[in-house]
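Each chain is listed here by its residues.
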Amino acid sequence: MNISLTRSMALVAVCAALSVGCATSDVRNAGVGAVGGAVVGAVAGGSAVTGAVVGAVAGAVIGRVVANGRERDVYSDGNGGRYWVDEDGRRHAVR
């Protein structure tokens, strides 16, 4: 096994371990995205680290827009703020 494959596998293992213990969904989604990005980056012959960074950003953004497998409707409050409404009718700011 060559060094880059070993490093990639170690990075994937670390990212997977970190994503399991995350408390918030945004961090969990970023962790899952990082693992997926690292795997794709390593398999595609690119950098696993770059893939992990891109995957983490994508996972966090997608997780912010999608909740429980459903896409969130994002509204504007007329003052430049954006929010989404949960099942209980509570507003949550989009950051």
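See the structure printed just above.
Scoring rules and cut-offs
- Residues numbered from 1 in each chain as written.
- Predicted model: local features only at pLDDT ≥ 70, side-chain atom pairs only at ≥ 80, totals over all residues.
- Heavy atoms only, no water.
- Helix = DSSP H or I, 4+ residues; strand = E, 2+ residues; numbered from the N terminus.
- Buried < 20%, exposed > 50% of the residue type's maximum accessible area, 1.4 Å probe, protein only.
- Polar contact = N/O pair within 3.5 Å; in protein donor to acceptor, adjacent residues only side chain to side chain.
- Expected span 1.5 Å × (residues − 1).
- Arc of directions from axis to C-beta.
- Pairing = 2+ DSSP bridges.
- Axes fitted to C-alpha atoms, helices over the stretch in contact; angles between N-to-C directions.

A separate point is the side chain of D86. With respect to the helices, strands and loops of the structure, D86 is situated in the loop between β4 (82–85) and β5 (91–93). Here D86 falls in the buried class, since its relative accessible area comes to 12%. Of note is the side chain of D86, whose polar atom sits 2.8 Å from the backbone nitrogen of R90.

A word on helix α3 (residues 48–65). Taking 1.5 Å of rise per residue, 18 residues should cover 26 Å, and α3 covers 25 Å from first to last C-alpha, within 8% of that figure. For α3, every residue scored as buried is listed here: A48, G51, A52, G55, G59 and G63. Within α3, the buried residues cover an arc of 95° as seen down the axis, which keeps them to one side. In α3, the exposed positions that point more than 90 degrees away from the buried face belong to V53, V54 and V57.

Here three strands make up an open sheet; going across it, the order is β3-β4-β5 and the pairing antiparallel. Edge positions in the sheet fall to β3 (74–76) and β5, since each has one partner strand and no second. In this sheet, neighbouring strand axes are inclined to one another by 40° on average, regardless of whether the strands run parallel or antiparallel. As paired elements, β4 and β5 share three bridges and run antiparallel to each other. Among the inter-strand pairings, Y83 is bridged to a residue of β5, identified as A93.

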